[in-house]
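The residues making up each chain are set out below.
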Amino acid sequence: MYYQSESHSSSSVHGGAGAGDPLERVVRLASGSAVVIFSVSTCCMCHAVKRLFCGMGVNPTVYELDQDPRGKEIERALSRLLGGGSAVPVVFIGGKLVGAMDRVMASHISGTLVPLLKEAGALWL
C-alpha cells in the first residue's frame, strides 16, 4: 500500500489552486492513482477494505484522514458525496467513486470488482 498525506499533495501539485474546496481535493486525489482509499487508521472497516485489495494483489494509494491536518474537511466532503452517513472507507477506482465498504463488497461478491480493477490498470490477471 502507498500511504499519502493529502496536505503535501495539494500544496506541491497545485500550488494551492482550489485548495479551499474539499470536494475538489477529493476529486483530484481520487484521480491520482488507479485505486484510492480514503481511510481512518483506527477504523476496522477501513483495515478490512485495505486488506481485501492487498489480498487481490492491488496496491492502493491510501489517504489516512486522521493523520492529515485537513482530514476532517475531506471526511465531511466524502460524507456529502455518499449522501450522508459514515464517510470512511471510501474507494475510488480509475478516478470513479465505487463507494463505501458495502458497495465494494457487493461488487466483489457479484464479480464486477475485478473487471473494474483491470480496466483501471490496477490488476493484470
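Please refer to the structure placed before this passage.
Definitions and cut-offs
- Residues numbered from 1 in each chain as written.
- Predicted model: local features only at pLDDT ≥ 70, side-chain atom pairs only at ≥ 80, totals over all residues.
- Heavy atoms only, no water.
- Salt bridge = Lys/Arg side-chain N within 4 Å of Asp/Glu carboxyl O.
- Helix = DSSP H or I, 4+ residues; strand = E, 2+ residues; numbered from the N terminus.
- Buried < 20%, exposed > 50% of the residue type's maximum accessible area, 1.4 Å probe, protein only.
- Phe/Tyr/Trp six-rings, centres within 6.5 Å; stacked < 30°, edge-to-face > 60°.

1. Observations regarding the pattern of salt bridges
Under the counting rule described, the total for this entry stands at 3 salt bridges. Here K50 ties to E64 by a salt bridge, and the two come within 2.6 Å at their closest N and O atoms. Within this pair, whereas K50 is found in helix α3 (residues 44-55), its partner E64 is found in strand β3 (residues 61-64), the two being separated by 14 residues in sequence. With respect to class, K50 is no different from E64; both count as buried. We note a salt bridge from K72 to E75, for which the minimum N-O separation is 3.9 Å. One end of the pair is K72 and the other is E75, both in helix α4 (residues 71-81) and 3 residues apart, which spans about a single turn. A relative accessible area of 55% places K72 in the exposed class.

2. A closer look at the packing of aromatic side chains
Inspection of the entire model under this criterion finds 2 aromatic pairs. Both rings, one in F38 and one in Y63, keep their centres 5.4 Å apart while their planes meet at 20°; by these two values the pair is stacked. Of this pair, F38 sits in strand β2 (residues 35-39) while Y63 is found in strand β3, placing the two residues 25 residues apart along the sequence. Accessibility assignment for this pair places F38 and Y63 in one class, buried. Ring centres of F38 and F92 lie 5.8 Å apart, and the angle between their planes is 80°; on these two criteria the pair is classed as edge-to-face.

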